[in-house]
Every structure is written in structure tokens, then in C-alpha cells.
Amino acid sequence: MAEATYPGQGAAIAFESPVLRCAGLTKTFGAATALDNVSFSVPRGRVVGLLGPNGSGKTTLIKLAAGLLTPTAGQVLVAGSEPGPQTKAFVSYLPERPYFSPSIKVARILDFFADFYADFDRPLAEDMLARLQVPPNIHMGALSKGTKEKVQLVLVMARRAMLYLLDEPIGGVDPATRDYILDTIIGAYRREATILLSTHLVADVERVLDDFIFLQYGTMVLHAPVAYVHETFGMSVDDYFRGAFRC
Amino acid sequence: MLGKLFKYDMAALTRVLAPLHLAALGVALLAAVCGLAGNGLGQAAHQASGSAGKLFGMFAGFAFMAFGVCLFLLLVLTLATFFVAVHRFYANLFTDEGYLTLTLPVTAHQIVISKVLAAALWLLVDFLVVGACVAMVLFAMDVFSEILSRSDQVGLPSLPTPSEWLSFAHSFLQIIAWLIAAYAALAAGSAAARHKVAASIGAFLLIAVAVGVVMALLNVFAFSALSALAPAYPIGSLDPYGPASNMIGNVVMVALAACSYVACVVRLKRHVNLA
């Protein structure tokens, strides 16, 4: 086992091999650089906020970890392996937009997830959907935007995954729905799993985070525990974010 | 996992194609009825006189027009299978649905094979349904009854001959090869920054031109070689050039399918970037 410290961490922490590791990770799209030489490790059992303004590279980083993109340079490893069919079996990914066909029924989606993911907890998903009052025979196209996002989140969090990659889970929804989403994330969270949650709404997510990673213009500015900002600067992460990224 | 992918791909295609093919059978039945009605009314128009004859003639005309429209609809419906399968490939991988498909714990090979198998199965179903529709239309045109009456003299209708089976296999190979080529064109077109569908159509046209040029060159080479090796055959004769040309066509189609498959897998593995 390796040891590592975060800034502001008093003692070295011994931890297992990181669940997500980026080393010199770079991604370009033509002349545009989305990520530039990003390096960090995320251990198991942490809720990590991937924070930064729009266009900072958060979605690109999450897509690289999910196996939707390939790096231009550097490396991204999930539980020691490059993203592929093996890692996708234990990584649960929530994109920032709805990805189900409008004509598919909710019950059919439950069948789909149960078929492809051995870690899918169907009774848990059905229970959460029942509490949302989403009938199983309704088509996804008949649901409102907020309800669609809730349904997607339920399906993703009902998996007993090792790593959850949540891309802007609370963007574009009302404050009550944001609270529901965050409560669902924490309610379904198991301590042995890791959540990487990207957002620019720092104030809303701060209460659920253990650590955070700040990205700006594709580079990593800071990777630290939330407590580090509180103790070192005497301010919240949101205030630190606003100060650091003031226009 | 391949079986599971195939199950959902078949379900997605069946949702659209089953109603279309049932409609095709209904349209063929309507065409047969219109054709029979047109025949009957036409004969009645010949036998009747005056205004009754004109009325029968007018209805006969309407019936034959409806027959023609039905045949046109049948043609449109039979093309639908190909385009629905191609659209399924595009929508499932290169639109927002791609976020789901491309994060499943399956390989790129499994994704492409599943879609090809599902489309191939539906193309076979399409062949059977079109055959049934054509049989109904021929019945209406009295051709069917003529064939049946002649069959009393020449014997019962027989199963297709080996050469007819080969001809069917050749046609089916062509359709599958062009289907996979369409998949590859979509995969290539999705790399464009904008106007992805137009880029895909352009890629498909380029593939078609390339295949046409290759086929033409190979056929010219084969023709020249056979002419040199078998000078006894008149230059204008197709035999043995026909079998050679068929073989060249089959080889080119297999190569097209293989290259298109590889292009699809490479693209899915490394380069998809959903917006």
C-alpha cells in the first residue's frame, strides 16, 4: 500500500491502490486543449467534488474516466486499469443529459440495467422510483425534465458500483430537486465506494463533499479536503471558489 | 453480453419494422383486391353499353390507379428496413443514447456484431414478406393463375435450384455488405465537427465510388485475362466471364464488409466524442 498526503493533512494516510488515477492527463480537440497535464489520485471511500467554472474540463475528465474519450497524452486508470469493458462493469456513470429513448418505458429500462449490470439492485431502484411516484409503465418521453433526471440518477445510484461518475447532476433543475438529488446520492452511497461529482454549483454540494478538485482552463488548481479550506482560509469552499475564479 | 445486446437491438427494430411489414402485407392485399376489381370492372365495361359501360370503365380506372399506388407504397415500405436499421445504428451510438450504449460493459466488436445480426435477420424477414406481397399482386394480375394452369402441363412448382439459391445468397451478401458500409459511413461522418449526417452521406458516396472503381478494374482485368487464356470464346460472349464477374463481385462485397466492420470497431473503440 502507498502513502500520500493532501495539502493541510497532518499525517500521511495509508490507502489502497486509488480507484481513479490521472497522470499527466491531456486531452485536445483540434487546436483546443480541454485538459492539460492533470494529475491526481482519488482513493476509495471518498466523495469528491470536481469543481470549476464552465469550460474548465470537468466533463472531459469524467468522460475520459468513463471510457467515452481517449487521452491525447498521459493516462487515466480506473482501479489500475485503462477504461474499457472491464472497468465499465463497476463504474456507474451519469451524463449531464438524458440518454434514454423517449419511447422506452421505465420498466424496460429496469430490465436493461438488470441485464447488463450484475451490481444493479433492482428492488432498491423500484423502491426509489415508487417514492418518486414514477409508474413503471410510463414512457420516458412523458416525464418532465426534472423527473427524467431523477429517474436516471436513481438507476445510476441503484448500482453497487465501485466508482460513481456524476456529471453535473444538479445543473438545470430547481433547488428542491437539487436537494432531492443530493440526498439520494448520499442516501444510496456506500462508504467503500467513491463518488466523483462535477458541478459549478459549489454552495449546493459542499455539505456532501469529503474532498474537492478545482479545475480552471483545463489545469488542476487544487486538490484538497474540504476541511483544508475551512481550517486554512477560514472560509467555505464556495467562498474560496468565488475568490479564486472571480472574473 | 452479445446475446443481450442482440435482444435489445431486435426489440428496437421490431417496434418499428413489425407494424411496417404488417402494413406492407395489408397494402399488398389491397393491391390484389384493386387489381381483381379493375380486371372485373374492365370486363364488365366491355360487356355493358352506354352510360353503364362508361361508369364501369371509370371505376375500373380508379381501381387500376389504386393498384398502381399500392405497388408504389409496397416499394417504399420494402426500402424501409434498410434505412430503419441504419438509423438505429446512428441513434443508438452517435446521439444521446450513445452515452448509455458506449458505457455498457461490452466490447466494440459485440456492439457492431449485434447490430449487423439484428439488421440481417430483419432483412431476411423483409425478403419473405416481399415475396408474399409479390405473390398476392401476381395473383391479382392473373399471372399467378396462368402459372398454375401451365404447371398442370410442366409439373408441380419445384424448390429453387442451386443456382437460384446462389443468386439469393449473392444478393443477400450485397445487402449486408452495403449495410455495414453504411454503418462505417455513419461512424466516419460522426467525426465531422458539424453537419455530421451530410458528412456521413458524403462518406457513403465515396465508399460507393471506390467500390465501383475497384469492381470495374477487376472486371476489366478478368475480362482481359480470360480473353487471353480462352480465345476460343467470342469476345462478346459472357460465358465464362459471367461466373468470373460474379466471383469478383462476391470477393469485393466480402472485402467491403470486412473493411467497413473494422472501420466501425476502430471508431467506436477510440474516437467517439459525443457532444
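Residues numbered from 1 in each chain as written. Chains lettered and ligands numbered in written order. Predicted model: local features only at pLDDT ≥ 70, side-chain atom pairs only at ≥ 80, totals over all residues. Heavy atoms only, no water.

K.L.:
What's the story with the overall build of chain B in this structure? I'm lost.
P.N.:
Check the secondary structure of chain B and you find eight helices and zero strands. Along chain B, helices (α) and strands (β) appear in the sequence α-α-α-α-α-α-α-α when read from the amino end. For chain B, the residues scored as buried account for 36% of the 275 residues in total. Accessible area of chain B: about 15,000 Å², with a carbon and sulfur share of 76%. (Helix = DSSP H or I, 4+ residues; strand = E, 2+ residues; numbered from the N terminus. Buried < 20%, exposed > 50% of the residue type's maximum accessible area, 1.4 Å probe, protein only. Areas by Shrake-Rupley, 256 points an atom, 1.4 Å probe, with all protein chains shown as cover.)

K.L.:
Can you walk me through the UniProt feature "domain: ABC transporter" (unreviewed entry) in chain A in this structure?
P.N.:
What UniProt calls "domain: ABC transporter" (unreviewed entry) maps, in this numbering, to residues 20–242 of chain A. Split by type, residues 20–242 of chain A is 35% helix and 27% strand. Its first and last C-alpha atoms lie 27 Å apart. (UniProt positions renumbered as here; feature names shortened; annotations may be inferred.)

K.L.:
Could you clarify how one ought to interpret the domain arrangement of chain B in this entry?
P.N.:
Interfaces are often sized by the accessible area lost when the parts come together. All names here are of chain B. Entries for chain B in the domain assignment read domain 1 (1–158) and domain 2 (161–275). Contacts between the two partners involve 23 residues from domain 1, matched on the other side by 21 residues from domain 2. Carbon and sulfur atoms make up 86% of the area that domain 1 and domain 2 hide from each other, which totals about 2,100 Å². At the surface where domain 1 touches domain 2, the tally comes to zero salt bridges. Counting every contact that joins domain 1 to domain 2 gives two residue pairs in polar contact (both at pLDDT 80 or more). Elements represented by at least two residues in the side of domain 1 that touches domain 2 include exactly helix H2 (50–94), helix H3 (98–101) and helix H4 (108–140). In terms of residue count, H4 provides more of the side of domain 1 that touches domain 2 than any other element does, twelve residues in total. (Domains from an automatic or database assignment. Contact = heavy atoms within 4.5 Å. Buried area = accessible area lost by both parts, 1.4 Å probe. Salt bridge = Lys/Arg side-chain N within 4 Å of Asp/Glu carboxyl O. Polar contact = N/O pair within 3.5 Å; in protein donor to acceptor, adjacent residues only side chain to side chain.)

K.L.:
Honestly, the UniProt feature "transmembrane region" (unreviewed entry) in chain B in this entry has me stumped. Any pointers?
P.N.:
Residue and element names in this part refer to chain B. Within this structure's numbering, the places UniProt gives as "transmembrane region" (unreviewed entry) are residues 62–86, 119–145, 165–186, 198–227 and 247–268. Span residues 198–227 is 100% helix and 0% strand, its end C-alpha atoms 43 Å apart. The span residues 247–268 shows a helical share of 100% and a strand share of 0%, and its end C-alpha atoms are spaced 32 Å apart.

K.L.:
Whenever I open this one, the packing of helix H6 (residues 162–189) of chain B against helix H8 (residues 241–270) of chain B confuses me. Can you help?
P.N.:
When two helices pack together, you describe them by how their axes are tilted relative to each other and by the distance separating the axes. All names here are of chain B. Viewed as axis vectors pointing N to C, H6 and H8 meet at an angle of 30 degrees, and their least axial separation amounts to 8 Å. Taken together, the axis directions place H6 and H8 in an arrangement best described as roughly parallel. Judged by the sense of rotation from one axis to the other, the crossing of H6 with H8 is left-handed. Judged by residue contacts, His170, Leu173, Gln174, Ala177, Trp178, Ile180, Ala181, Tyr183, Ala184 and Ala187 of H6 engage Asn246, Gly249, Asn250, Met253, Val254, Leu256, Ala257, Ser260, Tyr261, Ala263, Cys264 and Arg267 from H8. When the residues that make up the contact of H6 with H8 are grouped by side-chain class, the tally is 15 nonpolar, six polar and one charged. (Axes fitted to C-alpha atoms, helices over the stretch in contact; angles between N-to-C directions. Parallel < 35°, antiparallel > 145°, perpendicular 65-115°, else oblique. Left-handed = near helix turned anticlockwise from the far one by under 90°. Nonpolar A, V, L, I, M, F, W, Y, C, P; charged D, E, K, R; others polar.)

K.L.:
Could you clarify how one ought to interpret the pattern of salt bridges in this entry?
P.N.:
Between side chains of opposite charge, pairing is possible as soon as their charged atoms come close. Evaluated as defined, the whole model comprises 18 salt bridges over all chains. Put simply, Asp111, Arg122 and Glu126 of chain A are held in one network by salt bridges that share partners.

K.L.:
How should the sheet that holds strand S4 (residues 32–42) of chain A be read in this particular structure?
P.N.:
Strands pair in a sheet through their backbones, by hydrogen bonds, and they do so in one of two ways: parallel or antiparallel. Residue and element names in this part refer to chain A. If you walk across this open sheet you meet the three strands as S4-S3-S6, and the pairing is antiparallel. What marks the edges here is a single partner per strand, and that holds for S4 and strand S6 (73–78). Averaged over neighbouring strand pairs, the angle between their axes works out to 25 degrees when direction is ignored. Bridge analysis of strand S3 (residues 20–29) against S6 gives five bridges, and the strand direction is antiparallel. Looking across to S6, one finds that cysteine 22 is bridged to valine 76. Across the face of the sheet, helix H1 (residues 58–66) comes into contact with S3, S4 and S6 while running at roughly 60 degrees to S4. (Pairing = 2+ DSSP bridges.)

K.L.:
Any chance you could explain the packing of helix H3 (residues 106–116) of chain A against helix H4 (residues 122–131) of chain A here in plain terms?
P.N.:
Residue and element names in this part refer to chain A. Packing of H3 against H4 brings their axes to within 11 Å, and their N-to-C directions diverge by 155 degrees. Classified by the angle their axes make, H3 and H4 are roughly antiparallel. H4 is crossed by H3, and the crossing has right-handed handedness. Contacts between H3 and H4 involve Val106, Ala107, Leu110, Asp111 and Ala114 on the former and, on the latter, Arg122, Ala125, Glu126 and Leu129. Here the contact of H3 with H4 is composed, by residue class, of six nonpolar, no polar and three charged.

K.L.:
Looking at this model, I keep getting lost on the nonpolar core. Mind explaining?
P.N.:
In summary, soluble globular proteins display a tendency toward joint burial of nonpolar side chains. Core analysis: the biggest nonpolar cluster contains 129 residues, and Leu20 and Phe113 of chain A have the highest contact counts within it. Broken down by element, the residue count for this core peaks at ten residues, all from H6 of chain B. Formed jointly, this core draws a minimum of three residues from each of two domains, domain 1 (1–158) and domain 2 (161–275) of chain B. (Core = buried A, V, L, I, M, F, W, Y, C linked by side-chain atoms within 4.5 Å.)

K.L.:
Before we go on, may I ask you to explain the sheet that holds strand S8 (residues 163–167) of chain A in this structure?
P.N.:
All names here are of chain A. With respect to topology, six strands assemble into an open sheet ordered S7-S8-S9-S5-S10-S11, the strand pairing being mixed. Strand pairing shows two members of the sheet lacking a second neighbour, strand S7 (91–94) and strand S11 (219–225), which therefore form its edges. Averaged over all adjacent pairs, the angle separating strand axes in this sheet is 15 degrees, with direction ignored. Where S8 lies against strand S9 (residues 194–199), five bridges are found, and the strand directions are parallel. Within S9, the position partnered with leucine 165 by the bridge is leucine 196. Contacts from helix H5 (residues 145–157) reach S7, S8 and S9 within the one sheet, and its direction differs from that of S7 by about 175 degrees. Set on the sheet, helix H9 (residues 237–244) makes contact with strand S5 (47–51), strand S10 (211–216) and S11; between it and S10 the angle comes to about 15 degrees.

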